[in-house]
Amino acid sequence: QRHLISAADLTRDDAVLILDTAEEMARVADRPIKKLPTLRGRTIVNLFFEDSTRTRISFEAAEKRLSADVINFSAKGSSVSKGESLKDTAQTLEAMGVDAVVIRHGASGAPYRLANSGWIDAVVVNAGDGTHQHPTQALLDAFTMRRRLIGPDAGIGQDLAGKRITIVGDVLHSRVARSNVDLLHTLGAEVTLVAPPTLLPVGIETWPCAVSYDLDSTLPKSDAVMMLRVQRERMNAAFFPTEREYSRRYGLDGDRMARMPEHAVVMHPGPMVRGMEITAEVADSDRCTVVEQVANGVSIRMAVLYLLLGGNEPAVTHPRTEEK
Ligand code: CP
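None of these values were measured; they are calculated from a predicted model.

Draft legend 1. A look at the domain arrangement of the protein chain. In terms of domain boundaries, the protein chain breaks down into domain 1 (7-133 + 293-321) and domain 2 (135-292). The C-alpha centroid of domain 2 is placed 25 Å from the C-alpha centroid of domain 1. With 30 residues of domain 1 at the interface, the matching set in domain 2 holds 32 residues. Put simply, the parts of the chain that give the side of domain 1 that touches domain 2 at least two residues each are α1 (12-28), β4 (123-129) and α11 (290-309). Split into classes, the residues belonging to the side of domain 1 that touches domain 2 amount to 13 nonpolar, 11 polar and 6 charged.

Listed below in structure tokens is the structure:
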């Protein structure tokens, strides 16, 4: 593949290759010098039209660890506020000779448009578009699950066949849920979505997953439980669920976590709203992988950029590519 736009575009073998490459990249973080020369001389622009903490910082860390030249662009403070279009912004970047564009945009489909418009030649990586897709989030989540549920070494070459993953909350507005359902299905996992009926999209019955409205009965049958934030910024205020009612039915607290099998983990893509979808007790527990997910995000993004831009260069563990 030339671009990474959607988790649905990845085959099982593509996804396992990315996860295995991320395991190699994770070893770089354990070294005194956390850098590889792989993308020396390549320029990557991080084009963020929507707010981000984790994705923006971890793409930047991944690019710098691969020795790329990094340009950060945020719509706030740019000529986008003067009405400049995506096309003109993209062509400005093209004129500067960028090799890859990592794009986050509020409009679903913006990365696809950029990749298929002919406006630029650069590789395009989707860092989250509207309510559509967030493929590197799904990959880092799968990487975290494989490490926790199978193990870093035992997991090499493996998918998530038979693992039972429950995704809970605002599925309607969640690109994380869409990407995860696509990727987890490709990797052989059994996914159950748990959400209020008002926070499920039309056509949910065509998704490759089960749907439940009862969190308590789903928790004991879960190997991983992924909590989603209620995305008020994408909702009409009239449709906000009340915090107390939402937490009572769909929030994860210590009592509910105790219903999960002992080996099962709690995940969250962040940002978390403590007290709404997750209590502080659960968020701070050893079973919660939220901080691990952020660290794994750097390894996954290094793997994606390496595979898309590194060409036929040797694998990162080859001595010739190691930083002396
Ligand atoms: N998980 C995620 O995409 O977080 P940010 O919005 O902070 O990047």
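Draft legend 2. View of the packing of α1 against α11. Between α1 and α11, the shortest axis-to-axis distance is 8 Å and the interhelical angle comes to 115 degrees. When the axis of α1 is compared with that of α11, the two are roughly perpendicular. Seen along the crossing, α1 lies across α11 with a hand that is right-handed. Here Ile 18, Thr 21, Ala 22, Met 25 and Ala 26 of α1 lie close against α11, whose contacting residues are Ser 299, Ile 300, Met 302, Ala 303, Val 304, Tyr 306 and Leu 307.

Draft legend 3. Seen up close, the UniProt feature "binding site: carbamoyl phosphate" (unreviewed entry) in the protein chain. In the numbering used here, UniProt assigns the feature "binding site: carbamoyl phosphate" (unreviewed entry) to Arg 54, Thr 55, Arg 104, His 134, Gln 137, Gly 270 and Pro 271. With respect to the helices and strands, Arg 54 occurs in helix α2 (residues 54-65). For Arg 54, a count of 17 C-beta atoms within 10 Å corresponds to the partly exposed category. Along the chain, Arg 104 falls in strand β3 (residues 100-105). Overall, the presence of 25 C-beta atoms within 10 Å leaves Arg 104 in the buried class. Discounting residues that sit within four places of it in the chain, Arg 104 has contacts with Phe 48, Phe 49, Glu 50, Ser 52, Thr 55, Ala 127 and Gly 128.

Draft legend 4. Quick look at the sheet that holds strand β2 (residues 69-74). Judged by pairing direction, the sheet is parallel, and its 4 strands sit side by side in the order β2-β1-β3-β4 without closing on themselves. Edge positions in the sheet fall to β2 and β4, since each of these pairs with one other strand and no more. Across the sheet, the mean angle from the axis of one strand to that of its neighbour is 15 degrees, orientation sign disregarded.

Draft legend 5. Region of interest: the UniProt feature "binding site: L-aspartate" (unreviewed entry) in the protein chain. Here, UniProt's "binding site: L-aspartate" (unreviewed entry) annotation points to Lys 82, Arg 175 and Arg 229. These annotated residues cover 148 residues of sequence, and their C-alpha atoms reach 31.7 Å apart at the extreme, placing them across more than a single site. Residue Arg 175 is classed as buried on the basis of its 23 C-beta neighbours within 10 Å. Not counting residues within four places of it along the chain, the set of residues in contact with Arg 175 comprises Gly 128, Asp 129, Gly 130, Thr 131, His 132, Gln 133 and His 134. Residue position: Arg 229 is located in the loop between β8 (224-227) and α8 (243-250). Residues in contact with Arg 229, not counting those within four places in the same chain, are Gly 169, Asp 170, Pro 271, Met 272, Val 273 and Glu 277.

Draft legend 6. Up close: the site of the ligand. Inspection of the region around the ligand gives Ser 52, Thr 53, Arg 54, Thr 55, Gly 128, Gln 137, Pro 269, Gly 270 and Pro 271 as its neighbouring residues. Residue composition of the shell around the ligand, by class: 2 nonpolar, 6 polar and 1 charged. In this structure, the shell around the ligand is formed jointly by two domains, domain 1 (7-133 + 293-321) and domain 2 (135-292), each of which donates at least three residues.

Draft legend 7. Spotlight on the nonpolar core. Grouped together as the largest cluster of nonpolar side chains are 89 residues, with contacts concentrated most on Ala 100, Val 101, Ala 142, Val 168 and Val 225. Looking at this core element by element, the count peaks at 9 residues for α11. Two domains each provide a minimum of three residues to this core, namely domain 1 (7-133 + 293-321) and domain 2 (135-292). The residues contacting Ala 100, other than those within four sequence positions of it, are Ile 44, Ala 122, Val 123, Val 125, Leu 305, Leu 308 and Leu 309.

Draft legend 8. Molecular detail of the pairing of strand β1 (residues 43-48). The element β1 is largely enclosed, with a buried count of 5 among its 6 residues. Taken together, the 6 bridges between β1 and β2 define a ladder with parallel strand orientation. The residue of β2 that forms the bridge with Asn 46 is Asn 72. With α2 bridging β1 and its parallel neighbour β2, the resulting β-α-β unit is right-handed. Pairing of β1 with β3, which is carried by 5 bridges, proceeds in the parallel orientation. Across the sheet, Ile 44 pairs through a bridge with Ala 100, a residue of β3.

Cut-offs and rules
Residues numbered from 1 in each chain as written. Predicted model: local features only at pLDDT ≥ 70, side-chain atom pairs only at ≥ 80, totals over all residues. Domains from an automatic or database assignment. Contact = placed C-beta atoms within 7 Å. Helix = DSSP H or I, 4+ residues; strand = E, 2+ residues; numbered from the N terminus. Nonpolar A, V, L, I, M, F, W, Y, C, P; charged D, E, K, R; others polar. Axes fitted to C-alpha atoms, helices over the stretch in contact; angles between N-to-C directions. Parallel < 35°, antiparallel > 145°, perpendicular 65-115°, else oblique. Left-handed = near helix turned anticlockwise from the far one by under 90°. UniProt positions renumbered as here; feature names shortened; annotations may be inferred. Buried ≥ 20, exposed ≤ 12 C-beta atoms within 10 Å, placed from the backbone. Pairing = 2+ DSSP bridges. Near = placed C-beta within 6 Å. Core = buried A, V, L, I, M, F, W, Y, C linked by C-beta atoms within 7 Å. Right-handed = clockwise from strand over helix to strand, strands pointing away.

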